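So you can see what is in the structure, the chains are spelled out below.
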Number of protein chains: 2
Amino acid sequence: MAIEHAILVSLAERSASGYDLARRFDASIGHFWKASHQQIYKVLGRMEGDGWVASEVVAQDGRPDKKVYAITLAGREELALWTSRPTPAEHLRSEFAVKIRALPFGDPAAIVQDVHARRSAHLDRLAYYEQSAAKHYPRPDQLDDAEIGGWLVLRGGLLAEQAGIAWCDEILQRLTASEATER
Amino acid sequence: MAIEHAILVSLAERSASGYDLARRFDASIGHFWKASHQQIYKVLGRMEGDGWVASEVVAQDGRPDKKVYAITLAGREELALWTSRPTPAEHLRSEFAVKIRALPFGDPAAIVQDVHARRSAHLDRLAYYEQSAAKHYPRPDQLDDAEIGGWLVLRGGLLAEQAGIAWCDEILQRLTASEATER
DNA sequence: CCTTGTCATGCAATTAGTTGCATAGTAGAT
DNA sequence: ATCTACTATGCAACTAATTGCATGACAAGG
């Protein structure tokens, strides 16, 4: 019970087709909640049955028809109700952390490579967030109510990426230090 | 294909029953990979079929028998092989972030409460990590190879919790500031 | 002309994970 | 006496999510 709410938020911000949503879940919202297009289409169907969203087929020229979904009043009510319920504790699921813990039983050189790859992925996302912040929120000290949520989520992403980079640096420092000693 | 590896790491560190593993997945390893006992028992059965682990029934007095699992040679090989494969990009799934983004469509007071709750959960885990670090790694500048993985994962947890607290503080600052203005 | 990429929607099969239930003995508290 | 909590293992039913496949039109590059 959560992808529904991510979709509701996205549709509350702006109506969209399943395809549009899939792209949003590849980018902005997708940095905090991933979903494949198959999953989105399936859940949209269920949500329409529940009356949370309504669809309208829109013909396009030079492109296939699309089904544009909009949030309904019932959908908005559900969304508000959801925000009023406490968020259940979320549990990380970090394969990377498990792999770091597996250091004594594995291939240190390969793991170091992995850390480098992860570090550069963090850097990429950090750059993306910074660009996104500069573009969409040029005046963070003067945000209106509609913008505050998006801004704060971006800030969270930024802080998380910075922490991730710091962790990678610490790992690399440890691992390359011991490597140097071994020689 | 990942809970298997978390179990393999845990068993490589020390043999254990399903029950023991479930408790580990409630604490140490569980901070980075959660698993219920039902799932653990199911996966252990499959892993035994694959020859990655072997079990032995141990009778106890005053307590039910237990099935102690140990990692096999094949299991160690699989574990090493896994560390040599690159880790697929992991995607967060933060219901909390979605809820923050839902701020303009929801109940701000309830969300503020949620942020407070999350902040104190972060503080609790931070305290746990700090205690754990002091207890198990009193000399972080003199770690041997077997300890390095556990230490680095703890460090990652610490950094993540600190970043989480900083985020909560930023959110609360924003939200309580706007609340003050409204009056 | 042919390939690759984008737009657009979806089904089917499988795997992963959650929820609920069942059993059974011991220990400690009320 | 009774209730709660801990140790210990597991099945069954369900829901969520992934993987693989299918279709079809248009646009751009080689």
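Remember, predicted model here, so these are calculated numbers, not experimental data. (Residues numbered from 1 in each chain as written. Chains lettered and ligands numbered in written order. Predicted model: local features only at pLDDT ≥ 70, side-chain atom pairs only at ≥ 80, totals over all residues. Heavy atoms only, no water.)

Here we take up the overall build of chain A. The helix and strand tally for chain A stands at seven helices and three strands. In terms of principal-axis extent, the alpha carbons of chain A reach across some 70 × 45 × 40 Å. Across the 183 residues that make up chain A, the buried fraction comes to 46%. When contacts within chain A are restricted to residue pairs at least 6 apart in sequence, long-range pairs at least 24 apart make up 53% of them. When the accessible surface of chain A is summed, it comes to about 9,700 Å², and 52% of that surface belongs to carbon and sulfur atoms. Once the 22 positive and 26 negative side-chain charges of chain A are each reduced to a mean point, those two points are 2 Å apart. (Helix = DSSP H or I, 4+ residues; strand = E, 2+ residues; numbered from the N terminus. Buried < 20%, exposed > 50% of the residue type's maximum accessible area, 1.4 Å probe, protein only. Contact = heavy atoms within 4.5 Å. Areas by Shrake-Rupley, 256 points an atom, 1.4 Å probe, with all protein chains shown as cover. Lys, Arg positive; Asp, Glu negative; His and termini not counted. Charge placed at Lys NZ, Arg CZ, Asp CG, Glu CD.)

Residue and element names in this part refer to chain A. Strand order in the open sheet formed by three strands is 1-3-2, and the pairing between neighbours is antiparallel. Strands at the two margins of the open sheet, each flanked by one partner only, are strand 1 (16-17) and strand 2 (53-58). One ladder, built from six bridges, connects strand 2 with strand 3 (residues 66-71); its direction is antiparallel. By the bridge assignment for strand 3, S55 is matched with Y69. Sitting on the sheet, helix 3 (residues 37-50) is in contact with strand 2 and strand 3, with an inclination near 115° to strand 2. (Pairing = 2+ DSSP bridges. Axes fitted to C-alpha atoms, helices over the stretch in contact; angles between N-to-C directions.)

Relative to strand 3 (residues 66-71) of chain B, strand 1 (residues 16-17) of chain B runs antiparallel, the two sharing two bridges. Residue pairing in the sheet places S17(B) in a bridge with V68(B) of strand 3 of chain B.

Our next topic: the domain arrangement of chain A. Residues and elements named next belong to chain A. Each assigned domain of chain A is listed here: domain 1 (3-84) and domain 2 (95-182). Centre-to-centre, using C-alpha coordinates, domain 1 lies 29 Å away from domain 2. Each side of the interface is counted separately: domain 1 has four residues, and domain 2 has five residues. For the pair domain 1 and domain 2, the two sides together bury roughly 350 Å², of which 70% comes from carbon and sulfur. Across the contact surface, domain 1 and domain 2 share zero residue pairs in polar contact (both at pLDDT 80 or more). (Domains from an automatic or database assignment. Buried area = accessible area lost by both parts, 1.4 Å probe. Polar contact = N/O pair within 3.5 Å; in protein donor to acceptor, adjacent residues only side chain to side chain.)

Residues and elements named next belong to chain B. Where helix 1 (residues 3-13) meets helix 3 (residues 37-50), the axes come as close as 10 Å, and the angle between the chain directions of the two elements is 85°. If you check the angle between helix 1 and helix 3, you find them roughly perpendicular. In this structure, helix 1 uses I3, E4, I7, L8 and L11 to contact helix 3, whose residues at the interface are Q39, V43, L44, R46 and M47. A breakdown of the residues in the contact of helix 1 with helix 3 according to their chemical character gives seven nonpolar, one polar and two charged. (Parallel < 35°, antiparallel > 145°, perpendicular 65-115°, else oblique. Nonpolar A, V, L, I, M, F, W, Y, C, P; charged D, E, K, R; others polar.)

At an RMSD of 0.0 Å, chain B and chain A line up after a rotation of 180° and a shift of 0.0 Å along the axis. Each copy turns onto its partner about a two-fold axis. Across chain B, the rotation axis passes nearest the C-alpha of A163(B), at a separation of 3.2 Å. (Least-squares fit on C-alpha atoms with pLDDT ≥ 70 in both.)

Attention now goes to the sheet that holds strand 1 of chain B. All names here are of chain B. Taken together, the three strands give an open sheet; going across it, the order is 1-3-2, and neighbouring strands pair in antiparallel fashion. With partners counted over all chains shown, the strands left at the sheet margins are strand 1 and strand 2 (53-58), one partner each. Relative to strand 2, helix 3 is tilted by about 115°, and along the sheet it contacts strand 2 and strand 3.

Residues in contact with DNA strand D amount to 21 residues; listed here are only the nearest, Q39(A), Y19(B), Y41(B), Q60(B) and K67(B). Among atoms of DNA strand D positioned within 4 Å of the protein, sugar and phosphate together represent 63%. Separating a base oxygen of DNA strand D from a side-chain N or O atom of H37(B) is a distance of 3.1 Å. One of the side-chain nitrogen or oxygen atoms of R93(B) is found 3.1 Å away from a phosphate oxygen of DNA strand D. Counting residues per element, the ones that place at least two in the surface near DNA strand D are helix 3 of chain A together with helix 2 (18-24), helix 3 and strand 3 of chain B. Here the surface near DNA strand D gets four residues from one element, more than from any other, and that element is helix 3 of chain A. (Near = heavy atom within 4 Å.)

With that settled, the discussion passes to the pattern of salt bridges. Inspection of every chain in the model, using the stated rule, returns 16 salt bridges over all chains. Among the salt bridges present, the one from R118(A) reaches E90(B), with a minimum N-O distance of 3.4 Å. With one member in each of two chains, R118(A) in helix 6 (residues 108-136) and E90(B) in the loop between helix 4 (73-84) and helix 5 (95-101) form a pair that bridges those chains. For E90(B), a relative accessible area of 27% corresponds to the partly exposed category. (Salt bridge = Lys/Arg side-chain N within 4 Å of Asp/Glu carboxyl O.)

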